[in-house]
Amino acid sequence: VQLQASGGGLVQAGGSLRLSCAASGRTASGRTFSVYGMGWFRQAPGKEREFVVAISRGGGSIYYADSVKGRFTISRDNAKNTVYLQMNSLKPEDTAVYYCAAGKPPLQDESVYDYWGQGTLVTVSS
């Protein structure tokens, strides 16, 4: 499974961005995007990568980091093999490289993710 993240850019504080993560291909065992939970992580300059939000394979369960709750929304379209991250009310502290990843529960745990996208940079100016 290959993941391609896009949608990053420069935005002013209070603005919005929508990230996309498109999946393609299959695993060695023939599994596709729809069997995986999907997560977004981010890494700010000089900091460790951190969990942002995740969605279960069917979309029925969603997990948010406290720092983004109420501002970010994750969704997925299994027909399009794509997961989205709508980011509203952005703050300078949201500045980071955002990574999408595919894995199995527990989805808040970075170690369960088998596949990672290349990252897309989000810069929020004050």
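Residues numbered from 1 in each chain as written. Predicted model: local features only at pLDDT ≥ 70, side-chain atom pairs only at ≥ 80, totals over all residues. Heavy atoms only, no water.

Some remarks on the overall build of the chain
Okay, so step 1: When you go through the chain residue by residue, the secondary structure sums to zero helices and 11 strands.
Okay, so step 2: Ordered by position from N to C terminus, the α and β elements of the chain give β-β-β-β-β-β-β-β-β-β-β.
Okay, so step 3: Relative to a compact globule of 126 residues, whose C-alpha radius of gyration would be 14 Å, the chain shows 14 Å and is just as compact.
Okay, so step 4: Overall, the chain is about 45 × 30 × 25 Å in size when its C-alpha atoms are taken along their principal axes.
Okay, so step 5: Every one of the 126 residues in the chain was classed for burial, and the buried ones make up 44%.
Okay, so step 6: Considering only residue pairs separated by 6 or more positions, the chain has 55% of its internal contacts joining residues 24 or more positions apart.
Okay, so step 7: Total accessible area on the chain stands at roughly 6,200 Å², and carbon and sulfur atoms take up 46% of it. (Helix = DSSP H or I, 4+ residues; strand = E, 2+ residues; numbered from the N terminus. Rg over C-alpha atoms; globule rule 2.2 N^0.38 Å. Buried < 20%, exposed > 50% of the residue type's maximum accessible area, 1.4 Å probe, protein only. Contact = heavy atoms within 4.5 Å. Areas by Shrake-Rupley, 256 points an atom, 1.4 Å probe, with all protein chains shown as cover.)

Side note on the sheet that holds strand S3 (residues 17-24)
Okay, so step 1: Strands sit in the order S1-S3-S8-S7 across an open sheet of four strands; the sheet is antiparallel. Strands at the two margins of the open sheet, each flanked by one partner only, are strand S1 (2-6) and strand S7 (72-77). Averaged over all adjacent pairs, the angle separating strand axes in this sheet is 15°, with direction ignored.
Okay, so step 2: With six bridges connecting them, S7 and strand S8 (residues 82-87) associate as antiparallel partners. Looking at the pairing, Ser 75 lines up with Tyr 84 of S8. (Pairing = 2+ DSSP bridges. Axes fitted to C-alpha atoms, helices over the stretch in contact; angles between N-to-C directions.)

On their own, these measurements won't tell you what the molecule is for.
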